[in-house]
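Here is what each chain is made of, one letter per residue.
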Amino acid sequence: MGPQDGEEARHSLVNKPPLDFRLDSPAMEAVDAAMERWTGAEEVLRAMEWALARDPEIGRAEFESGAVRVHTIDGARSRDLPTLTVMYRIENPYITVLEAWFRDAKYGQSGSA
């Protein structure tokens, strides 16, 4: 795979329309509870929504079909952002979040070194 192959892959991701994001009841309950506990819960949820809507296959496949996947976004204690893990199903034109698990962030700060 050469540099042009990578450019084509990025170009095809950019030109795909994003998928709509939906929450099943268990995920919605987890979101509601997280909003009461962490001030950054909505921000990390929006980051997850943005990432999955643009690249639904970013998560690890749970079954051979790849339709149900799991993805995690690490939080940051300094910004009161919890770590968020979601289990979701790709149902074009939707991404349905089946379950969401929020937990205290392991890292003190966000970003990369």
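Scroll up to find the structure this text is about.
Since this is a predicted model, take the numbers as computed values, not measurements. (Residues numbered from 1 in each chain as written. Predicted model: local features only at pLDDT ≥ 70, side-chain atom pairs only at ≥ 80, totals over all residues. Heavy atoms only, no water.)

Turning our attention to helix α2 (residues 25–37). When the terminal C-alpha atoms of α2 are compared, their 19 Å separation across 13 residues agrees well with the 18 Å that a helix rising 1.5 Å per residue should span. The inward-facing, buried residues of α2 abut β1 (20–23), α3 (41–54) and β5 (94–103). (Helix = DSSP H or I, 4+ residues; strand = E, 2+ residues; numbered from the N terminus. Expected span 1.5 Å × (residues − 1). Contact = heavy atoms within 4.5 Å.)

This brings us to the packing of α2 against α3. Interhelical geometry of α2 versus α3 gives an angle of 140° and a closest axis separation of 8 Å. Taken together, the axes of α2 and α3 lie oblique to each other. Residues Val31, Ala34 and Met35 of α2 touch α3, and the partners they reach there are Ala41, Glu42 and Leu45. Residue classes in the contact of α2 with α3 are distributed as 5 nonpolar, no polar and 1 charged. (Axes fitted to C-alpha atoms, helices over the stretch in contact; angles between N-to-C directions. Parallel < 35°, antiparallel > 145°, perpendicular 65-115°, else oblique. Nonpolar A, V, L, I, M, F, W, Y, C, P; charged D, E, K, R; others polar.)

Under the counting rule described, the total for this entry stands at 7 salt bridges. When the shortest N-O distance is used, the salt bridge between Glu49 and Arg46 registers 2.6 Å. A residue pair is termed a helical-turn pair when its members lie 3 or 4 positions apart in one helix, as Glu49 and Arg46 do in helix α3 at 3 residues. The class of Glu49 is partly exposed, set by a relative accessible area of 24%. Arg89 is paired through a salt bridge with Glu91; the nearest N and O atoms lie 2.8 Å apart. By relative accessible area, Glu91 is classed as partly exposed at 25%. Linked by salt bridges that have partners in common, Arg22, Arg89 and Glu91 make up one network. (Salt bridge = Lys/Arg side-chain N within 4 Å of Asp/Glu carboxyl O. Buried < 20%, exposed > 50% of the residue type's maximum accessible area, 1.4 Å probe, protein only.)

Take the side chain of His71 next. Within the secondary structure layout, His71 lies in strand β3 (residues 68–73). Not counting the four nearest positions on each side in its chain, His71 is found in contact with Met48, Leu52, Ile58, Gly59, Leu84, Thr85, Val86 and Tyr88.

On to the packing of aromatic side chains, then. The final tally for this structure, using the stated rule, is 1 aromatic pair. Across from the ring centre of Tyr94, 4.0 Å away, lies the NZ or CZ of Arg22, which sits over that ring. (Phe/Tyr/Trp six-rings, centres within 6.5 Å; stacked < 30°, edge-to-face > 60°. Lys NZ or Arg CZ within 6 Å of the ring centre and 35° of its normal.)

A general trend in soluble globular proteins is that nonpolar side chains are found buried together. Ranked by internal contacts, the top residues of the largest apolar core, which has 20 residues, are Leu52, Leu84, Val86, Val97, Ala100 and Phe102. Taken together, the elements giving at least two residues each to this core come down to α2, α3, β4 (83–91) and β5. With 5 residues, the top contributor of residues to this core is α3. The contacts of Ala100, once residues within four sequence positions are left out, are Ala27, Ala30, Leu84, Thr85 and Val86. (Core = buried A, V, L, I, M, F, W, Y, C linked by side-chain atoms within 4.5 Å.)

Now for unusual backbone geometry. Residue Pro93 follows Asn92 across a cis peptide bond; omega there is 15°. Tracing the chain through its elements places Pro93 in the loop between β4 and β5. Residue Asp80 is not a glycine yet carries a positive backbone phi of 55°. Checked against the element boundaries, Asp80 lands in the loop between β3 and β4.

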